[in-house]
Amino acid sequence: MSKARVATVWLAGCSGCHMSFLDLDEWLIELSQLVDLVYSPIADVKAFPENVDVTLVEGAVANTDNLELLKEVRERSKVVVAFGDCAVHGNTSAMRNPLGDPGELVAEAYRDAVTKLHGELPNPENGVVPALLPRVLPAHEVVHIDAFLPGCPPSAERIRIAVEALLAGESPELAPELRRFG
Amino acid sequence: MSNGVDLFDLSQKEREAQAAYRRHVLCCGSTACLSGGAQATQDAIEAEIKERGLEQDVRVVATGCMGLCSRGPLVKVRTRGEDDVLYADVDADAGRRIVDEHVADGQPVADGQLSLQHPFFARQERVVLENMGEIDPNRIEEYIARGGYRALRDAVTTMTPAGVIEVVQRSGLRGRGGGGYPAGTKWGLLAKAQSDHKTVIANGDEGDPGAYMDRTVMEDDPHRVLEGMALAAYATGAKHGYIYVRAEYPVAVRRLEQAIRQAKRHKLLGKGLFGTEFEFNVEIRIGAGAFVCGEETALMASIMGQRGTPVLRPPYPTERGLWGEPSMINNVETLANVPTILRRGAEWFASIGTDTSRGTKVFALAGKLENTGLIEVPMGITLREIVEEIGGGVAGGKAFKAAQTGGPSGGCIPIKHIDTSMDYDSLLALGSIMGSGGLIVMDEDVAMPEVARFFMRFCMDESCGKCLPCRAGTFEMYELLDAICEGRATAANLARLETLCDVVRTDSLCGLGQTAPNPVLSTLHYFRDEYEARVVPDTVAAAVAADAGGASAHERSA
Amino acid sequence: MPGVSLRIDDNEVDASPGESVMQAAVRVGVKVPGLCQMDGVSVVGACRLCMVEVAGTPRPRPACATPVAEAMDVHTDTEQLREHRKVLLEMLFAEGQHVCAVCVANGACELQTLAAQVGVDHANFTPPPSRLTMDLSHPRFGYDPSRCVLCTRCVRACAEVEGAFTWGVAGRGREAHLVADLGRPWGEAESCTSCGKCVSVCPTGAMFEKGTSVGQRRVKRALVSTLTSRRERESAREVLK
């Protein structure tokens, strides 16, 4: 039997969901028998590959890089999962939304704050730092999402139940206590 | 004066005084004409008459609304023994010319004349508006001279309260505020309630965009409202009445205050009316601009000095209303029908209209028509007759697309139903409602999703915020409609909109929320293709949302 | 007074006249979800989460505000009701800023628990948020309107149990929010006795004690109903004397 091609991506989030994924401990070894991890922040692959079976998306869509990557993920994956509260509804990543113009926030962080380093604003034109979107969006506002895995972070137990279901070609059914936000 | 003989005297004297003039120049002094410069017109006419020394012979009266508001200022010249002549678009110069040629020399001015045989006037049937454009609303004498307060006198002196209710019941009068609840039944409920502190309330918190039926009645025939209330009070055993008027109607408030003073002076309000034990007093309460205060429980909360939010029914106001006592809320137009019903009889009233919708309905005819204004028509008239005959057809030769009745709580009627009868039940069957009388005609250029967005914006702004479905639902529906109109909504968004319509309609606490989805539902029903044409694929929507959604977040917070 | 019997989700229930369908349901183990209802204060029927179907009535009715009646046939968990509850909760998430991860009430929040129970795993639509500012002027407590679900438990507890009438609601529709003393900063509200009843009854983290961190909120939600039932018992004893 061929192994499922699984990817994880890290958009605007804290990587806590990936940390929780690593909390699966020895089950990860079993998992490695079943899947090929074809793209992930914890694997050294530069471009998002074609023909992915399942992609877990951590993080909200906050900048142009996130937006492009998520569109690519959707085009190249059969199943896309919103992985954790940021991808599910924006969560802490979206807390800047009520503050309005991201330009002002960037100026505050990089130029005006007492903790500033160089006092210079990042310039998205030079391609190093991507431009912020006017508003942080949850994944399902950008592309179609097949399953939602809430939690900040989702516990290892939730992840395992969800991933097992997805690998079996089913949509994950989480018990109420395993699908709460936060 | 305290009895009917005096009332008759007053009426007689007023009529004689009026008959002494050879000519009357009736200048429409209603809000629409005033905003079109009617005051300058009237001033010019009066100055010209004075200049020519005609004051003894000619009387100038500022009357209430003559109806054809789109052609104001309107001036009517009435001459003993001759037909009335109506002039439209009368500015100060035209007013002077009318005095010079018509009033002074008896030669009607050829320009600007409007035939009173024009269908706009000829197709109407005036019950509620019978005094509009005829009397000076500042003078109680003129109301009495046209038969005013006679119904009250006769009811109080010759009829039992139950007898009055019986007449109202038999007339088939239904609530004109939107719901269409039988007025006689409601009156019967209050009459049955046991309390010494019953209240009748006139609901003048008219808030539908473009509607001004109640405003006109309150401004231009205030005594009719008072008489209707007094009749309701006599029939139900109430001693106290409130008129709830929105603050945006300052002229109505002034005229009603004045009318109350006049009625008290003539002992038509107060204690021991017409030499009987009957006692009735009226106070005015002014709203603060909240649409939801037209909902009866919110209205009562507002009268009691509380935040104007609806409360759960039952108990209904006739069981527990103002300060816990039985109360009854009637729309201004409903009450304004009553004096005429009592005067002319239930059978006469019931002969107008259809089997289930008796009498007439006042509509504020607005939108893309040749003639717009305030009309009163027998129920059962078709929409086509209103649009093509009274309204003179769609303006600019464009095609009729739809008509919105019932304002933000109503729905649209498309061309294929233009022959529908305008009555409570037929409109309900088409997914709209009679409502309070807003009637907006739209031509082929109007995009229906934008109409729905307009009304949803209104409901969102006017939701009181108490119950979740209305507060959050109208907002979310507005955002979705905005996304549809601006081309950043997906098919999933459209499906979500329909789900929300269902939830908000089913679960909201009061009528505002329960009816808020109606404009969406009815435009979706008849013009679904217009919605679907604007839906875009996921990726397009995402890109636009990432751009525009953020911009709107910024605007909101700015 | 004779009791009434009715059916709730096919359970036979005996109830006293005047009881609500929600109260009667609890006795047969049927927990109808709700946010605004709270024992010990008046009923407002505002959250509409407890809508139930009553045979013979055209539209669902709030269980908290519907009195029991003889032979009533109530269903609390039909497919339509479940679907509507889910949408209603999604609306709450869409209108507020409910970031459980950084909320004092995380783990002790009724909204969070209800969402999980009802099956809300994401908010279908996330519109632009409004910008509401917190009131941190009170020395001991804070109010965050973006977490407020406008259940008005606090308003009723303050008025009906504490008798202070400090809290009220201002603003229409989406702008609706709580105000102390008709719009003063909470810390300057002279009527406030700082009793903390409002904080203890808040179903979310909208009202909190200062100094509590994420997930640290410890609530005594039964405080108000305990007080009112003790008062009732006390006044009954007075009558007996």
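What counts and what doesn't
Residues numbered from 1 in each chain as written. Chains lettered and ligands numbered in written order. Predicted model: local features only at pLDDT ≥ 70, side-chain atom pairs only at ≥ 80, totals over all residues. Helix = DSSP H or I, 4+ residues; strand = E, 2+ residues; numbered from the N terminus. Buried ≥ 20, exposed ≤ 12 C-beta atoms within 10 Å, placed from the backbone. Contact = placed C-beta atoms within 7 Å. Pairing = 2+ DSSP bridges. Axes fitted to C-alpha atoms, helices over the stretch in contact; angles between N-to-C directions. Nonpolar A, V, L, I, M, F, W, Y, C, P; charged D, E, K, R; others polar. Domains from an automatic or database assignment. Parallel < 35°, antiparallel > 145°, perpendicular 65-115°, else oblique. Left-handed = near helix turned anticlockwise from the far one by under 90°.

K.L.:
Could you clarify how one ought to interpret the overall build of chain C in this entry?
P.N.:
Secondary structure assignment for chain C yields six helices and nine strands. Principal-axis analysis of the C-alpha atoms gives chain C an extent of 55 × 50 × 30 Å. Going through the 241 residues of chain C one by one, you find that 50% of them count as buried. For chain C, the share of sequence-separated contacts (at least 6 apart) that also reach a separation of at least 24 residues comes to 62%.

K.L.:
Where do I start with the sheet that holds strand S5 (residues 113–114) of chain B in this structure?
P.N.:
The strands making up a sheet associate through hydrogen bonds between their backbones, and the pairing can be parallel or antiparallel. Residue and element names in this part refer to chain B. Spatial strand order, S2-S1-S3-S4-S5: five strands in an open sheet with mixed pairing. Across the chains shown, the open sheet's two edge strands, defined by having one partner strand only, are strand S2 (58–63) and S5. Here strand S1 (residues 23–28) runs beside S2; their pairing, made up of six bridges, is parallel. Across the sheet, the residue bridging to Val 25 is Val 60, located in S2. Each of S1, S2, strand S3 (75–79) and strand S4 (85–87) is contacted by helix H4 (residues 92–103), which is oriented at about 15° to S3, the strand it contacts most.

K.L.:
Would you mind going over unusual backbone geometry with me for this structure?
P.N.:
Negative phi values dominate among residues other than glycine, just as trans dominates among peptide bonds. Along the chain, Cys152(A) connects to Pro153(A) via a cis peptide bond; the corresponding omega equals -10°. Note on placement: Pro153(A) falls in the loop between strand S7 (147–149) and helix H6 (156–167). A cis amide bond, omega -10°, links Arg313(B) with the succeeding residue Pro314(B). Mapping Pro314(B) onto the fold places it in the loop between helix H13 (296–303) and strand S9 (327–331). Phi is positive for Thr152(C), which is not a glycine, with a value near 60°. Locating Thr152(C) in the fold gives a position in the loop between strand S6 (141–143) and helix H4 (153–162). Its 23 C-beta neighbours within 10 Å are what place Thr152(C) among the buried residues.

K.L.:
Sorry, what's going on with the interface of chain C and chain B here?
P.N.:
Where the parts come together, the accessible area they lose is often given as the size of the interface. On the side of chain B, 33 residues touch chain C, which itself brings 29 residues to the contact. At seven residues, helix H2 (residues 79–95) of chain C tops the list of elements feeding residues into the side of chain C that touches chain B. In terms of residue class, the side of chain C that touches chain B is made up of 17 nonpolar, six polar and six charged.

K.L.:
Quick question: what am I supposed to make of the domain arrangement of chain C here?
P.N.:
Residues and elements named next belong to chain C. Domain annotation for chain C reports domain 1 (4–77) and domain 2 (100–229). Taking only C-alpha atoms into account, the centre of domain 1 sits 26 Å from that of domain 2. Of the residues lining the interface, eleven residues belong to domain 1; the matching set on domain 2 comes to 19 residues.

K.L.:
In this structure, what is going on with the packing of helix H19 (residues 468–485) of chain B against helix H20 (residues 491–507) of chain B? I would like to understand it.
P.N.:
In a pair of packed helices, the angle between the axes and the distance between the axes together describe the arrangement. Residues and elements named next belong to chain B. Between H19 and H20, whose axes approach to 10 Å, the crossing angle comes to 155°. The angle between the axes of H19 and H20 places the two elements in the roughly antiparallel class. The crossing of H19 and H20 is left-handed. Residues Pro 469, Cys 470, Gly 473, Thr 474, Glu 476, Met 477, Leu 480, Ala 483 and Ile 484 of H19 form the contact with H20, whose own contacting residues are Asn 493, Leu 494, Arg 496, Leu 497, Leu 500, Val 503, Val 504 and Asp 507. Of the residues assigned to the contact of H19 with H20, the class counts are eleven nonpolar, three polar and three charged.

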